[in-house]
Amino acid sequence: MASTSGLSTFNLDFNEIVEEAYERAGLEVRTGYEFRTARRSFNMLTIEWANRGINLWTIEQGQFVMNTGQGVYALPNTTIDLLDQVIRTQATTINQIDINISRISESTWSTLPNKLAQGRPIQMWINRQSNQSYLSTATVAATVAATDTTITLSSTTSLPATGFITIDSETIFYANVSGNQLLNCYRGQYNGSTNTTAASHAISATVTVNNLTCVNVWPTPNAPGDQYVFVYWRMRRMQDAGNGVNVQDIPFRLIPCVVAGLAYYVGSKRPDVSMERIMMLKAAYEEQWTLASQEDREKAPDRYVPRQSFYR
C-alpha cells in the first residue's frame with residue numbers, strides 16, 4: 001500500500017518563484033537582467049501588499065523605556081504603522097500594568113497647548129516620516145561633551161524645528177532650536193535600527209538629519225527608569241527578495257499569490273506579452289490575493305456593546 005510522504009516542507013526559493021512566474025507569463029528566464037528585473041518587481045509587489053492592508057505575519061511587538069521629559073521616540077525604520085500600543089508600568093516586576101494610550105491625529109496633536117507638560121502619557125501621535133537621511137550643511141561649532149543637552153552648530157537653517165540628527169555615530173533628539181543652538185537634547189537615541197551611545201564631538205563634525213518615523217507622547221513622562229515603558233505592536237516591511245536562493249518572508253499559503261502577482265508584474269513589462277494574457281494574469285493575481293487575504297485574518301470573535309449616555 002502506498003503511503004504519504006510524511007512531510008509538509010514544500011516551499012520555493014526566489015529562483016523557483018521567478019521561473020514559475022515567467023512560465024505563467026509564457027516567457028523564459030534567459031539572462032541575468034531578466035532575473036534582476038524580476039527581483040525588482042518582487043520587491044515592488046511586497047510594497048503593494050503593505051498598502052493593501054494588514055498582513056498578520058508582519059506584526060511584531062516592540063518596546064522602549066521612556067525618559068523623564070522626553071516626548072518623542074524613534075521607531076524601527078521598517079515600521080509601516082502601529083496597530084496597538086500601551087503604557088506599561090513597573091515593567092520588570094510581576095506587578096506590571098498595561099494602561100491604554102489613545103492615538104490621536106496630527107491636527108489634534110497640534111492643538112495641545114503645552115506639549116512639554118509632564119505626567120503619565122495618555123495620548124500619542126505617530127509621525128510617519130520617510131526614514132531617509134541627508135547630510136546637512138551645518139557642522140558642530142563648539143565642542144560637545146557626552147552629557148551636554150545644548151549643542152551649538154554653525155547654522156540651523158536647514159534643520160527642522162525639532163527632530164533627530166546624527167553626529168559621528170550618535171543619534172540625538174532635540175526639542176527646540178534657538179539661533180544656532182539645539183536645545184533640550186536627548187543623547188544616545190535609537191536611530192531606527194540600533195541604539196546609539198552618547199559621546200563627545202569635536203568642532204567641524206558633520207551633521208546628518210534623520211527623518212525618522214517616531215512616536216510623540218503627551219504628557220511627557222514624569223518618571224525615569226522602568227516606570228513607563230511604551231509597548232507596541234507594529235506592522236513591519238516585508239524582507240527583500242535576497243540573492244536568489246533565499247526563501248521569502250511570506251507564509252507558505254501565500255506562495256500561489258506571490259507567483260501570480262510576479263507573473264502579472266513581469267508580463268506587464270514585456271512588449272511581447274499580449275494584452276489579453278496580461279489581463280488574464282491580473283485576474284489570476286487578484287483571485288489569489290482575495291483567497292490569501294480572506295484567510296490571513298484574525299479568527300477571534302467580535303463582541304459589540306452599545307455605549308449609552310444619560311443626562312440628569
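See above for the structure.
1. Focus on the overall build of the protein chain
Helix and strand content of the protein chain: 5 helices and 16 strands. Its C-alpha atoms give the protein chain a radius of gyration of 25 Å, more than 25% over the compact-globule value 20 Å for 312 residues. Counting only residues that meet the buried cut, the protein chain has 42% of its 312 residues in that class. Counting every atom, the protein chain has about 17600 Å² of accessible surface; 51% of that belongs to carbon and sulfur.

2. As for the environment of Ile 172
You can see Ile 172 is positioned in strand S11 (residues 170-178). Ile 172 sits 13 residues away from Cys 185 along the chain, and the two C-alpha atoms are 6.6 Å apart. When residues no more than four places from it in sequence are discounted, the contact partners of Ile 172 are Ile 151, Gly 163, Phe 164, Ile 165, Ile 167, Cys 185, Tyr 186, Arg 187 and Gln 189.

3. Some points on the nonpolar core
Judged by nonpolar contacts, the single largest core of 34 residues is most densely connected at Trp 49, Ile 250, Val 258, Leu 262 and Tyr 285. Mapped by element, the contributors of at least two residues to this core are helix H1 (14-24), helix H2 (32-52), helix H4 (255-269) and helix H5 (275-295). Among the elements that take part in this core, H4 stands out by supplying 10 residues, more than any other. Leaving out residues up to four positions away in the same chain, Leu 262 has contacts with Ile 17, Val 18, Ala 21, Ala 38, Ser 41, Phe 42 and Leu 45.

4. Some details on H1
For an α-helix, the turn length of 3.6 residues means that residues three or four places apart are oriented alike. Listing the buried residues of H1 in full gives Phe 14, Ile 17, Val 18, Ala 21 and Tyr 22. Each buried residue of H1 sits inside an arc of 130° when the element is viewed along its axis, so together they form one side. Of the surrounding elements, those touching the buried residues of H1 are H2 and H4. Measuring from the side-chain oxygen of the N-cap residue of H1 to the backbone nitrogen of Asn 15 gives 3.1 Å; that N-cap residue is Asp 13. Where H1 terminates, the next one or two residues include Gly 26, which has phi positive at roughly 75°.

5. Remarks on the packing of H1 against H2
Their axes nearest at 11 Å, the elements H1 and H2 cross at an angle of 95°. Relative to H2, H1 is oriented roughly perpendicular. Here Phe 14, Asn 15, Val 18 and Tyr 22 of H1 lie close against H2, whose contacting residues are Glu 34, Phe 35, Thr 37, Ala 38, Arg 39 and Phe 42. Among the residues forming the contact of H1 with H2, the class breakdown is 6 nonpolar, 2 polar and 2 charged.

6. A few points about the sheet that holds strand S7 (residues 123-127)
Ordered by their spatial adjacency, 4 strands build an open sheet running S2-S14-S7-S5, and the pairing between neighbours is mixed. Two strands lie at the open edges of the sheet, namely strand S2 (72-74) and strand S5 (102-103), each paired on one side alone.

7. Focus: the packing of aromatic side chains
This structure, assessed with the given rule, holds 13 aromatic pairs. Relative to Trp 125, the ring of Trp 109 has its centre 6.1 Å away and its plane inclined at 35°; by these criteria the two rings are tilted. A residue pair is termed long-range when its members are at least 10 positions apart, and Trp 109 in helix H3 (residues 106-110) and Trp 125 in strand S7 qualify at 16 residues. Trp 109 gets classed as buried once you look at its relative accessible area, which sits at 11%. Site record: aromatic cluster; members linked through ring pairs are Phe 64, Tyr 73, Phe 230 and Tyr 232.

Rules of the game
- Residues numbered from 1 in each chain as written.
- Predicted model: local features only at pLDDT ≥ 70, side-chain atom pairs only at ≥ 80, totals over all residues.
- Heavy atoms only, no water.
- Helix = DSSP H or I, 4+ residues; strand = E, 2+ residues; numbered from the N terminus.
- Rg over C-alpha atoms; globule rule 2.2 N^0.38 Å.
- Buried < 20%, exposed > 50% of the residue type's maximum accessible area, 1.4 Å probe, protein only.
- Areas by Shrake-Rupley, 256 points an atom, 1.4 Å probe, with all protein chains shown as cover.
- Contact = heavy atoms within 4.5 Å.
- Core = buried A, V, L, I, M, F, W, Y, C linked by side-chain atoms within 4.5 Å.
- Arc of directions from axis to C-beta.
- Polar contact = N/O pair within 3.5 Å; in protein donor to acceptor, adjacent residues only side chain to side chain.
- Axes fitted to C-alpha atoms, helices over the stretch in contact; angles between N-to-C directions.
- Parallel < 35°, antiparallel > 145°, perpendicular 65-115°, else oblique.
- Nonpolar A, V, L, I, M, F, W, Y, C, P; charged D, E, K, R; others polar.
- Pairing = 2+ DSSP bridges.
- Phe/Tyr/Trp six-rings, centres within 6.5 Å; stacked < 30°, edge-to-face > 60°.

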